Amino acid sequence: MTQGDLAALVGFSVAQISRLEQDARLPDLASVADAFIPALALQDEPHLAQRLLELAALARGERPPAAVTLTRTVHTTIVEEEITNASHLPEPSTGLVGRAAELESICARLAESPGRLLTLTGPPGVGKTRLALAAAGRLRSLYRDGAWFVSLAAIDDVELVASAITASLGLATATTRPPALRLVEELRRKELLLVLDNVEQVTDCAPFLAELLQSCPGLRILATSTAPLRLRAEQRYRVPPLGLAPSVDLFLHHAHAVDPDFVLTPERAGAVAEICLHLDGLPLAIELAAARMDILDPHTMLERIRERRLAVLADGSSDLPAHQRSLRTAIERSYGLLNHDEQRLFRALGVFVGGWRMDAVVALGSDGQMLRSLLNKSLVHRAPVDRDEQRFQMLPILCEFALEKLVAAGEEISVRRQHAHFYLAFAVCASEANAAGSQELWLDRLEHEHDNLRAAMRWLIAHDPPSAQRLGGALREFWYTRGHFLEGRRLLQQALAASAAPTVARGHALLAAARFAHAQDEYPLALRLIDESLSILRQSDDRAGCAEALRTGGWIVHSMGESSRAMAMFEEALALSQSLDDLGLIADLHISIAQVHVLDGDSVRFDEARQAFELGLRLATQLGRQESAAYALFGLASLAYMSGDNLAAIRFGEDALGIFQALGSRRNQPLALLLIGEAEMLLGELDAAQAHAQAALAIYVDLAIPWGEASAQRVIGQIERMAGNLGQAHLSLNRSLDLSWQIRDDRGTSIDLAEIAGIALAQSQPERAGMLLGAAFKQFDSPPNFLAPDHRQTYTQLAADVRIALGEAQFAQIWEAGQALSLEDAVRLAGVSP
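No experiment lies behind these values; they were computed from the predicted model shown.

**Section: the pairing of strand β6 (residues 192-197)**
Taken across its 6 residues, β6 has 6 buried, putting it largely inside the fold. Where β6 meets strand β7 (residues 219-224), 5 bridges bridge the pair, whose relative direction is parallel. Note that in β7 the partner of leucine 194 across the bridge is isoleucine 221. Handedness of the crossover joining β6 and β7 through helix α9 (residues 206-215): right-handed.

So, in structure tokens, the structure goes:
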């Protein structure tokens, strides 16, 4: 129609029609009903007429009409027909909380679905029925014959489904015709929305529903079920658990229902939030827990939920369906619908923590088809995909139920043994793959499985200590790279205490424990552990293990100030690695030897160190050993820094940092961050230097590494001193000095003394500055030469300034006194109590 055509039919001017189309004028409902609906031939399509009237009312800000009287014009005969919009939905006893987005999505999909069937799936208690009722209530006005609710919760015979629907629709039952035929005849000319609740018990009725949809073009079905119906016409919507904020809102809603005076105080807020997290965001579980707020406070409720969730979540409202009055009953109902093999797998899956991959299910003696069945029945769900690897999960509440069933079936020990040995094999495979390359991939896989690895380790410690030691050794590089020092040390200590047999597995567990002790600056303990490890590995003729232990031992003794002993251990390890043709370990040892030359300031051997770093980098790159390549780049950055080339130090440092970050190497990232910050500081880029140093400090504090925290505080203090912020500089340097002295880091202690001397001179205390500098230079002038050229120049100039401030004679006297101080007395003079 043109505007003129429509204007002629409704008796409007063309200008009036134009203003309507341009929203310059709003239509009144009477005109729409009396003129536009007949003109647009909508008398025979009442649901469209109703929708047009609703839109017109909404545009005017008015309430849409509940029922409409249409005038049908056939030639000159006028017939009055009243279209009523019926509703046969149970009235919800509570409001819908936190589901606005889900409701919008469900309504849109149901209205637009070409197959006219939408199934809401999800685990027991997730709120499928409540959402279905809300969606039906919103959409019922679009259907001439309304929306109807049919509960199938009590039906377990597929032959009774048609009868149940017929009865719910109020159709006459005194007939000889089959209920299915009677239903088709009745619905063929109807336009209605049928809500079928709890279909999971009778999913075999799917062919009947398909036939019903095909025979009744005005019918749409909204079903709720833990399992899909698997029809071509079916659209599926998985109802997710509630997020934390809506979970808390729902908890408060139900808590107020039993205790109107319940208030979410700051003291209660944390407990309520944790309750909701423990209940997995399941609305039924939250409702059952909140209903006890009249007799329990949130903290007591939380303690009971932590102990046994399912025991607490019972005694729901009497007007709830029987299967929803306790969460255990709701889950038991779904469990009872599984066949024998599905129940066995469901029980076994309870031992997994944080999810699993398909190969873990196969290791339990099951297969993908069985897992898919549990997935379809909403007892298992897919986890977010990472690196194209599919993982699966089970809600913790379902895990608790599964474990109860596992114990009751007498299967716990055998299943936990299978679980533990699967993850032992997985960790060993990851360790071997990590050594051969693909480090980022395997580190991420181990991180995803970390909860399962913890569970496996705990079980093995209690039931199979040698295997626990083997698992701990296999996880060494993962725990170290990702910074799980405290946890790794605790579990290794337990595994080592559980069995003292001098096996190869114990030797590698001791090696791992030594490495973590060294990482956290416990050098004497680390040395004792590595000595025992070496003894066992030598006796076992594990040459590769010996080479690894010697490399770790070399770094331990170097940290204790024994550079020549460290070099000897590195050289022995290198010879072993070459005899084994282990190119990866050869690369690591070239890098280690070169790094010692740099750390000790052995400038005569800097060219040799550069060649070793470059060789190590080439080998590591060829082998795909990303972490080794990053160590080589960090070594080149350190070499540039010690040579006074700060721009090159930043460039190499950033390259190393990029790899460490990609690997998630929390232990090594702050090394690169701090080196970059020091180089930026010496170039005068103080803001950038501060940012890098603060980032390094945060990681070191989190990992509880005193040496690292001291180093970061020292750089921050230096930056603050250069910026003229003497008070803040003094605080940071005092913290650094305290930590350095505690771990007996003489090099760090002497640098801190020199920096504090600079503050003392700036505060007009030249005598104190001279004493501190004298004590510091006593270390600086003793080999090895560990100071970077720029720092040595800074402290030499500082000494010259003190000389000028005191005069030659007094300076010589104070300098000599400072050199005579023990390091402990110098620390006390600086303001720190040793």
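**Structural notes on the packing of aromatic side chains**
What the rule picks out here adds up to 20 aromatic pairs. Considering the side-chain rings of tyrosine 631 and phenylalanine 660, the 5.8 Å spacing of their centres and the 65° angle between planes classify their relative orientation as edge-to-face. Taken together, the positions of tyrosine 631 in helix α32 (residues 626-642) and phenylalanine 660 in helix α33 (residues 646-663) put the pair 29 residues apart, joining distant regions of the chain. Judged by relative accessible area, phenylalanine 660 falls into the buried class, the value being 1%. Of the aromatic side chains, those joined through ring pairs into one cluster are Phe352, Trp356, Phe422, Tyr423, Phe426 and Trp442. When the ring centre of tryptophan 442 is taken as origin, the NZ or CZ atom of arginine 445, which lies over that ring, is 4.5 Å away. Above the plane of the ring of phenylalanine 652 lies arginine 651, whose end atom (NZ or CZ) is 5.1 Å from the centre.

**Focus on the packing of helix α34 (residues 669-682) against helix α36 (residues 706-722)**
Taken N-terminus to C-terminus, the directions of α34 and α36 make an angle of 20°; their axes are 11 Å apart at the nearest point. With respect to α36, the axis of α34 lies roughly parallel. The two elements α34 and α36 meet at a crossing, and its hand is left-handed. Listed contacts from α36 to Leu671, Leu674, Glu678 and Met681 of α34 are Trp707, Ser711, Ala712, Val715, Gln718, Ile719 and Met722.

**Points about the sheet that holds strand β11 (residues 391-393)**
Taking strand neighbours across the sheet as the criterion, the 3 strands line up as β9-β11-β10 in an open arrangement whose pairing is antiparallel. Looking along the sheet, the strands with just one partner apiece sit at the ends: β9 (356-357) and β10 (381-382).

**Describing the nonpolar core**
By size, the foremost hydrophobic cluster in this structure holds 193 residues, and its most contacted members are Phe251, Leu349 and Trp356. When residues in this core are grouped by element, the largest group, 11 residues, is from α32. Contact partners of leucine 349, with chain neighbours within four places excluded, come to Trp356, Val361, Leu371, Leu374, Val380, Met394 and Cys399.

**Here we look at the packing of helix α15 (residues 327-336) against helix α19 (residues 396-408)**
Between α15 and α19, whose axes approach to 11 Å, the crossing angle comes to 70°. By the angle between their axes, α15 is roughly perpendicular relative to α19. The element α15 and its partner α19 pack so that their crossing is right-handed. Of the residues in α19, those touching α15 at Leu327, Arg328, Ile331, Glu332 and Tyr335 are Ile397, Leu398, Phe401, Glu404 and Lys405. Of the residues that constitute the contact of α15 with α19, the class distribution is 6 nonpolar, no polar and 4 charged.

**Quick notes on the pattern of salt bridges**
Under the counting rule described, the total for this entry stands at 43 salt bridges. In this structure, aspartate 588 and arginine 551 form a salt bridge, with 4.0 Å as the shortest nitrogen-oxygen distance. On the criterion of sequence distance, the pair formed by aspartate 588 in helix α30 (residues 583-599) and arginine 551 in helix α28 (residues 543-559) is long-range, its members being 37 residues apart. Linking arginine 721 and glutamate 755 is a salt bridge whose minimum nitrogen-to-oxygen distance equals 2.7 Å.

**Here we look at the side chain of arginine 220**
In this fold, arginine 220 is placed in strand β7. If near-sequence neighbours (up to four positions away) are discounted, arginine 220 is found in contact with Leu110, Ala111, Ser113, Arg116, Tyr143, Leu192, Leu193 and Leu194.

**Considerations on the confidence of the model for the chain**
Across the chain, the average pLDDT comes to 89, with 93% of residues at or above 70. The model gives residues 71-85 a pLDDT under 50, and that stretch makes 31 contacts with residues more than four places away or in other chains.

**Here we look at helix α8 (residues 179-187)**
Among the residues of α8, those classed as buried are Arg182, Leu183, Val184 and Leu187. If you follow the buried residues of α8, they end up packed against α7 (161-168), β6, α9 and β7.

**Brief notes about the environment of isoleucine 586**
Mapped onto the elements of the fold, isoleucine 586 is located in helix α30. Classification of isoleucine 586 as buried rests on a relative accessible area of 9%.

**Overview of unusual backbone geometry**
Despite not being glycine, arginine 116 shows a phi value in the positive range, around 65°. In this structure, arginine 116 sits in the loop between α5 (100-112) and β4 (117-121). Judged by its relative accessible area of 17%, arginine 116 is buried. Even without being a glycine, serine 764 presents a positive backbone phi close to 60°. Checked against the element boundaries, serine 764 lands in the loop between α38 (746-762) and α39 (766-780).

**Comments concerning helix α37 (residues 726-742)**
Here α37 contains 17 residues, and its C-alpha end-to-end distance of 24 Å stays within 8% of the 24 Å for a straight helix at 1.5 Å per residue. For α37, every residue scored as buried is listed here: Ala729, Ser732, Leu733, Asn734, Ser736, Leu737, Leu739, Ser740 and Trp741. Where α37 is buried, its residues meet α36, α38 and α42 (823-829). In the stretch just after α37, arginine 744 is the one whose phi turns positive, near 60°.

Definitions and limits used
- Residues numbered from 1 in each chain as written.
- Predicted model: local features only at pLDDT ≥ 70, side-chain atom pairs only at ≥ 80, totals over all residues.
- Heavy atoms only, no water.
- Buried < 20%, exposed > 50% of the residue type's maximum accessible area, 1.4 Å probe, protein only.
- Helix = DSSP H or I, 4+ residues; strand = E, 2+ residues; numbered from the N terminus.
- Pairing = 2+ DSSP bridges.
- Right-handed = clockwise from strand over helix to strand, strands pointing away.
- Phe/Tyr/Trp six-rings, centres within 6.5 Å; stacked < 30°, edge-to-face > 60°.
- Lys NZ or Arg CZ within 6 Å of the ring centre and 35° of its normal.
- Axes fitted to C-alpha atoms, helices over the stretch in contact; angles between N-to-C directions.
- Parallel < 35°, antiparallel > 145°, perpendicular 65-115°, else oblique.
- Left-handed = near helix turned anticlockwise from the far one by under 90°.
- Contact = heavy atoms within 4.5 Å.
- Core = buried A, V, L, I, M, F, W, Y, C linked by side-chain atoms within 4.5 Å.
- Nonpolar A, V, L, I, M, F, W, Y, C, P; charged D, E, K, R; others polar.
- Salt bridge = Lys/Arg side-chain N within 4 Å of Asp/Glu carboxyl O.
- pLDDT = per-residue confidence, 0-100.
- Expected span 1.5 Å × (residues − 1).

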